[in-house]
Every structure is written in C-alpha cells, then in structure tokens.
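Report on the structure
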Amino acid sequence: MTLGAPAALWGLLILPAVLLLYLLRARRQEVPVSSVLLWQRAARDLRARRPLRRLEHSLLLALQLLILTLGVLALARPLRPVPAAGPLVVVVDTSASMQATDVAPSRFERARRLAREEIRRAAGPVALIEAGPQAALREGPGAPARALRALDALRPTDGAAAMDQAVAAALARLPGGESGRVVVFTDRAGPSVPGVDYRIVGTSDRNVGIAGIAADRLPSGTAAVVRVINAGRVPARVPLEVSVEGRPVLRQDVSVPAGGSSAVALRGLGTGVLTARLDAEDDLPVDDAAVAVLPPRVRVAVAGEEDRALLEALAASGAEVVPATAQELARADVVVINRLPLSDLPPGRYLLVGTVAPPLPVAVEGEAAQLEVVRWSAAHPVMRFVDFQDVTVSRALALRPAGGEVLAEGQWPLIWAYEGRGIRAVVLAAALDQTDVPLHAAFPIFVRNALAWLGDMPAAVRVGEPFTVPAAAAAVTMTGPGGGTQVLPARGGAVSLVVERAGLYRLRDGDSVRLIAALPPPEESDIAPVFPPPSGGAGRPTAPAASRAVDVSPGVLAAAVVLAVIEWAVYLRTQPRRAPAGPVPRLRHVGVRR
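The structure displayed is predicted, hence computed values, not measured ones. The numbers attached to residues start from 1 for each chain and follow its sequence in the written order. Local features in this predicted model are restricted to residues whose pLDDT is 70 or higher, and side-chain atom pairs enter the listing and the counts only when it is 80 or higher, whereas totals over whole chains, interfaces and linings include all residues. As a convention, hydrogens and water are excluded, and side-chain values are obtained from all of the structure's heavy atoms.

Moving on: the overall build of the protein chain. The way it works is that DSSP assigns letters per residue, a run of H or I at least four long becomes a helix, a run of E at least two long becomes a strand, and they are numbered from the N terminus. Across its full length, the protein chain carries ten helices and 32 strands. The cut-offs for exposure are 20% and 50% of the maximum accessible area for each residue type, with area from a 1.4 Å probe on protein chains only; residues under the lower value are buried, those over the upper are exposed, and the others partly exposed. For the protein chain, with 594 residues in total, the buried portion stands at 43%. In the protein chain, of all internal contacts separated by at least 6 residues, the share reaching a separation of at least 24 is 70%. Note on areas: Shrake-Rupley with a 1.4 Å probe; residue coverage comes only from the protein chains shown. In the structure as shown, the protein chain presents an accessible area of about 32500 Å², 55% of it carried by carbon and sulfur atoms. Note on definitions: a residue-residue contact is assigned when non-hydrogen atoms from the two residues lie within 4.5 Å.

Written out as structure tokens, the structure is:
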C-alpha cells in the first residue's frame, strides 16, 4: 500500500485537538434556581475545580475520531498495488534437490503451492514452464485454470534443472517484454535478469549422499569405488552398505568431512548389479541409494581369416572370444573381421583388419606399398601407450576417409576410427601378414585399447543426460526402476533416450538384455539454497514484479460517510425524548364541604 499524497497525513493532527476539546470542561454561568435535586451529577462536576474532565467511554467520540481518520486517509490517496494485466510466466524447478524435506512436506510441494497462489492472483494469461532435465512448456499462455491443471500434473525428477533454458524460454513467451513478468520457483537462483523474480524455497544444507559409483574390470576381477559426499557444514559419519546381486559385500561407517567427500574402494566383486545404500539422517533421501552395473567380460566374435597373433592378443586382453555364428554375431559386444570382403556393415562395434565396407565414410584407392608410419595420436583412447616406432608395412589399403579420425598414418592412413550411423569401428588398413605390427609390444596394447573403446557400452548414465545404445531390432523395450515399460523405436541402428528417474533400467533388444544404471547428478546432492544477489550487489538487480496502483480513496471516503450516518443515528438515540404535544391539563378546584 502506498500513498499518492502523503502530505495529507498532517491532517491527523486534528485528532488530538478533537480529543482535547472533548476533555475540556465547558464554562458555566451561575444562575440561582429553586432546587438542584435533579442535577446531582451536574452538581458534582460543578464542585470539581479541575478544568479537564475524565475521559469516559464514548461511542460518539470513537466514531468521530474514526470518521476524521478516514477522511484524512482519503485525502492522502491510498494506492493498492495489483498485478499488471500482462502475461505471467511461471517457472517451476523439478530437479532432484527439490525433493528435500527441510520444508514440509518438501521443497517441490512448497514451490507448487506458492506457484498456485501466484497463478490465482494473475490478471492476465498464464504460461507454465517446467525446469527439469529439459526445459519444457507445459501450458499457455492461456487461462489461469489451464495453468493450474498443468501445475498439478508436475512431478519432481531425479535430474538437474535446465534453469537457464527455462528462463530463456519464459522470456521468449512475453510479447512486448516489459508488459509481462516471469516468476521462478526454485531452490537455486540463476543470474539476475530484468523481469525475472526468483522465489527461493529451502532452508537447509544438511545432506550426505552417494555422488557416484565407478566400476571397472581389471585382470584380477571387477573393482568399484563408491564416492560419498557431504554437502553440510558439519562432518558426518554414516553407515554404508554394499551388496552385489543381493549378497552383502561391505558394511562400514564412512567419515565424510564437511563440504567434502570420501571414497570407498572394493575389489574382487565379480559381475552383476551393485547396490550401495547410506543410512543417513538428512533432508534428501533420493541420493541415499545408488546402483551400478559391474562390467562383464567383453564378448568378441571373430570372423574372416584365422590369425594366431590376433587371437592371442584378444585372449591377452581378457575378452571372451566366441565363434562368428549368426547368433553370436548378434549377441557379441565387438565383432572382429579379418580380411573378409563385406558388402554392408550393419550397426554395431567392429575391429576391421585389412578390410572396410559401406556405410563407413571411407574410400579405398588401391594399395599403398611400403607405408612408413610417421605420426600417431596419443590422445585417442585406442592409441593410449601405443608406440609405432620402427613399424614397417609392406602393403596396406590406400584409405581416403571422409570422416572419423586418423589415429596413425604415413603416406596413407594406417589406423582409422569412426563413430556414427549406429556404428563404432576401428580399421587397421594392413593385413597382419603384411606388416610387422604383431611383432611389436604395441600390438596387444592396441588390441586391448580398441576392445575397451569399442565395448564401452553406457552401463552408467546420469539422470537427464541423453545417451545412445546400439540396437539390432527395430525397437527396444525399456523397463524402468518402477516396473513401467516403454517401447523405443530404433533409428539408424541405435536408440537415443533420456531418463528422469535414478535406478536400474533393463533394455531388451531382441533376445539380449542390457542393464543401465542411472544416478542423480552429483551437484544435486548439494542442497544449500542459493538466493539471488541483493539489489545493488555485484550482479544485475532483479526487476520488481510488474504491477499497477489502484486508487482506493473513494472506498475510504465512502466508509467515512457511512460512519458519519451511523454517528448521527447514535447521537439521536442518546437525546432525551420530548413528551408528545397535547392539551395542557387544567387544574380543577375541588371544594371541601364543612
């Protein structure tokens, strides 16, 4: 509430004056009378010598003071702010941290209640945008009732919030820019943007959670590292339980420093699904449990000419080598093809030796003789610790790539890697009997690196991050942590998807089943609310919500008039009633007989 003419409030000084007049005694003129019997009360006042009388309860006085107050307030022109009639865009954060219970029943429910109140106050069209892993327009701009129904349908996710994209989408929904406003309900304010009002929910940073599980297969078996994070300002000690396929493998208390993390390493775990669980008393339960898929041995199907050096290198890498039957080719993680002419290459993972095939973007321009390797990559995972010094190549395919990455080359590429169209492939241009590469120590390292890169299936993903898995069938059936199933069509021999819930997913591709573990983003474990910078701070100030002022002085003046009428009525009721006019009684003389 603001005032259009605040100087008029000086008129309130008339109230003490009215009160003083009420307290002053009236001067009375002495007049002789025959009797004061009926004026006893007035006589007591007359006997008092003080000029002031006691303040007594008087309804008339109260009404008169209230009428004067309202009159002065009407002259001051009170203004009531009301939301502008422009469009309102409401952004609701549905990230994992909004499931924190430091405000009852949760941050998300508190944000939804506040958003509901904001929408009901809107005087214009309303749009609703969800700031989840992907920013999405859920409704509008349109009638507030439609936005309320869309708001009720929102659910919190286990991912992060694409807040920047959501705010940008909200601003894009404001025609004319300044005529509308954007209100964001979240626990983390973004950069200050004019026209964007952040409403922060959440009060606590008390949370200990599992930030991630890294699993890898070593020659001695499978190893895993569980990382526990403490977002609070107090060191914590929490019990940790780890099991593989329901079999307990670890139970210990983990000490985590304030604002830091601790790692717990496990070895010799075998294969299967690892489950880690914290018994923590904190405000965010979603990161107290996590799952991971322990990687099995890479299954390799070998087709083409049999080569002893190649088989020994595959065996040394720890791969499971299977014959290239039609069934095994479909089930294998990697297919190795040695000098086998091909007319087409379906989606999959391939190590090609001395051969290429469509649709790989590479042309063969004859043969390259006496190829001398002069450069090889040290950054690509396939070439890690690989040294091709003094390698000789008597004959190789003269490759002309139109994509991918050349990993080793002389006059012509010797090793080329490609990923796309559902295919991941490594091509060695020379047949193994036309080079001395198998005689070098770099060869088994190269084969192991190639299988690791080719067999790197996404067994663990972050909620909200897109990922792709190869698909042999036309569609893949995905079963989520809650048991719900979804059929995903394959395009180009692969399926691209995004999950919004943490847990274990099962993807059925024909007869094979792939397990994928989804974890919340580690930043979601830090639940400390982030408030926008104050006005005048380093950041740009947040613009106030657009509103208009309505003059309510007519209403105040009308209330004063009504009270004046009531005061007049009360005054009339306090006045003594006059006797009704009539004939003057006449005295009759009554005689007494003696």
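Before going further, it helps to examine the sheet that holds strand β25 (residues 460-462). If you trace the five strands from one edge of the open sheet to the other, you get β25-β31-β30-β27-β28, paired in mixed fashion. Whereas interior strands pair on both sides, the edge strands pair on one side only; in this sheet they are β25 and β28 (485-489). Here the strands of the sheet are splayed against their neighbours by 30° on average, with no regard to which way each runs. For strand β30 (residues 503-509) and strand β31 (residues 512-519), the ladder comprises seven bridges, and the chain directions are antiparallel. Paired with Tyr-505 across the two strands is Ile-516, which belongs to β31. Any two strands with at least two DSSP-identified bridges between them are counted as paired. Each axis is a line fitted through C-alpha atoms, and for a helix only the stretch in contact is used; angles between axes span 0 to 180 degrees, taken between their N-to-C directions.

A word on the sheet that holds strand β4 (residues 126-131). Taking strand neighbours across the sheet as the criterion, the five strands line up as β5-β4-β3-β6-β7 in an open arrangement whose pairing is mixed. Strand pairing shows two members of the sheet lacking a second neighbour, β5 (135-142) and β7 (196-200), which therefore form its edges. Averaged over all neighbouring strand pairs, the angle between strand axes comes to 15°, with direction disregarded. Against the sheet, helix α4 (residues 107-121) makes contact with β3 (88-93), β4, β6 (181-186) and β7, and its axis sits at roughly 175° relative to β3, the strand it touches most.

This brings us to the pairing of strand β18 (residues 348-353). Across the six residues of β18, six count as buried, placing the element largely inside the fold. The alternating pattern of β18 places Gly-348, Tyr-350 and Leu-352 on one face and Arg-349, Leu-351 and Val-353 on the opposite face, and all of these are buried. Pairing of strand β17 (residues 334-338) with β18, which is carried by four bridges, proceeds in the parallel orientation. Note that in β18 the partner of Asn-338 across the bridge is Val-353. Note: β18 against strand β24 (residues 423-428), six bridges, orientation parallel. In the sheet register, Leu-352 faces β24, and the bridge partner there is Val-427.

Remark: the centre distance and the inter-plane angle together describe each pair of aromatic rings, the angle taken between the planes. The criterion for an aromatic pair is that two Phe, Tyr or Trp rings (for Trp, the six-membered ring) have centres within 6.5 Å, with stacked assigned to planes under 30 degrees apart, edge-to-face to planes over 60 apart and tilted to the rest. Summed over the entire model, instances satisfying the criterion amount to two aromatic pairs. Taking 5.8 Å as the distance between ring centres and 20° as the angle between the ring planes, the aromatic pair formed by Trp-416 and Tyr-418 counts as stacked. For Trp-416, a relative accessible area of 0% translates into the label buried. A relative accessible area of 10% places Tyr-418 in the buried class. The ring of Trp-453 has Arg-424 lying over it, and the distance from NZ or CZ to the ring centre is 4.6 Å. The rule for a charge over a ring is simple: NZ of Lys or CZ of Arg within 6 Å of the ring centre, and within 35 degrees of the ring normal.

Low-confidence regions, as indicated by low pLDDT, have predicted coordinates that should not be scrutinised in detail. The predictor's confidence in any single residue is recorded as pLDDT, a number from 0 to 100. Taken as a whole, the protein chain shows an average pLDDT of 83; of its residues, 87% reach a score of 70 or greater. For residues 536-545, every residue scores under 50 in pLDDT, and the model assigns this stretch 15 contacts once sequence neighbours within four places are set aside. Confidence drops under a pLDDT of 50 for residues 590-594, and excluding neighbours within four residues, the segment shows zero contacts in the predicted structure.

We now examine the side chain of Asp-282. Examined against the element boundaries, Asp-282 turns out to sit in the loop between β13 (272-278) and β14 (289-294). Looking at Asp-282, its side chain comes within polar contact range of the main-chain nitrogen of Val-208, at 3.1 Å. When residues no more than four places from it in sequence are discounted, the contact partners of Asp-282 are Arg-206, Asn-207, Val-208 and Asp-288. The definition of a polar contact used here is a pair of N or O atoms within 3.5 Å, where within protein one atom must be able to donate a hydrogen and the other to accept one, and adjacent residues in sequence count solely through side-chain atom pairs.

With that settled, consider the packing of helix α1 (residues 14-23) against helix α3 (residues 59-75). Relative to each other, α1 and α3 sit at 160°, their axes nearing to 10 Å. As summarised for this structure, α1 and α3 are arranged roughly antiparallel, according to the angle between their axes. In this structure, α1 meets α3 at a crossing whose hand is right-handed. Contact residues: Ile-14, Leu-15, Val-18, Leu-19 and Tyr-22 in α1; Leu-61, Leu-65, Leu-68 and Thr-69 in α3. Here the angle decides the label: under 35 degrees means roughly parallel, over 145 means roughly antiparallel, 65 to 115 means roughly perpendicular, and every other value means oblique. For any pair of crossing helices, the crossing counts as left-handed if the nearer helix is rotated counterclockwise from the farther one by less than a right angle, and right-handed if it is rotated clockwise.

Let us look at the pairing of β3. For β3, the buried fraction is high: six of the six residues fall into the buried class. Side-chain alternation along β3 places Leu-88, Val-90 and Val-92 on one buried face and Val-89, Val-91 and Asp-93 on a second face that is also buried. Two elements, β3 and β4, share six bridges in a ladder whose sense is parallel. Each bridged residue has a counterpart across the sheet, and for Val-92 the counterpart in β4 is Glu-130. If you view a crossover with the strands going away from you and the path from the first strand over the helix to the second runs clockwise, you call it right-handed. This β-α-β element, β3 to α4 to β4, shows right-handed connectivity.

Positionally, Thr-157 belongs in the loop between α5 (144-152) and α6 (163-172). Exposure remark for Thr-157: the relative accessible area of 2% places this residue in the buried category. What Thr-157 contacts, discounting residues up to four positions off in sequence, is Thr-94, Ser-95, Ala-96, Gln-99, Glu-130, Pro-133, Glu-500 and Arg-501.

Once that is clear, we can look at the pattern of salt bridges. Salt bridge, as used here: a side-chain nitrogen of Lys or Arg that lies within 4 Å of a carboxyl oxygen of Asp or Glu. Taken as a whole, this structure holds 25 salt bridges when the rule is applied. Among the salt bridges present, the one from Glu-320 reaches Arg-299, with a minimum N-O distance of 3.3 Å. Of the two residues, Glu-320 is situated in strand β16 (residues 320-323) and Arg-299 in strand β15 (residues 299-304); the sequence distance between them amounts to 21 residues. Taking the relative accessible area as the measure of exposure, Arg-299 reaches 16% and is therefore buried. Between Arg-400 and Glu-365 there is a salt bridge whose closest N-O contact spans 3.3 Å. One end of the pair, Arg-400, is in strand β21 (residues 392-401); the other, Glu-365, is in strand β19 (residues 362-372), with 35 residues separating them in the sequence. Overall, the relative accessible area of 42% leaves Glu-365 in the partly exposed class.

A cluster of nonpolar side chains, namely Leu-3, Leu-9, Leu-12 and Leu-73, defines an oily patch on the protein surface of about 250 Å² accessible area. Tracing the backbone shows Leu-12 in the loop between β1 (2-3) and α1. Patches draw on residues past 30% relative accessible area with no salt bridge. Two like charges within 9 Å are joined, as are two nonpolar side chains (Val, Leu, Ile, Met, Phe, Trp, Tyr) within 5 Å.

What follows deals with the nonpolar core. As a rule of thumb, soluble globular proteins bury nonpolar side chains together. Core analysis: the largest hydrophobic core is formed by 58 residues, its most contacted members being Leu-360, Met-383, Phe-388, Leu-414, Ile-415 and Phe-446. For this core, the element with the highest residue contribution is helix α9 (residues 442-454), accounting for eight residues. The residues contacting Leu-414, other than those within four sequence positions of it, are Leu-371, Val-373, Phe-388, Val-393, Ala-408, Glu-409, Val-427, Leu-428, Ala-429 and Ala-430. For the purposes of this section, nonpolar cores are sets of buried Ala, Val, Leu, Ile, Met, Phe, Trp, Tyr and Cys residues that join through side-chain atoms within 4.5 Å. Core analysis: the next-biggest nonpolar cluster, separate from the first, contains 25 residues, Ala-224, Val-244, Leu-250 and Leu-269 among them.

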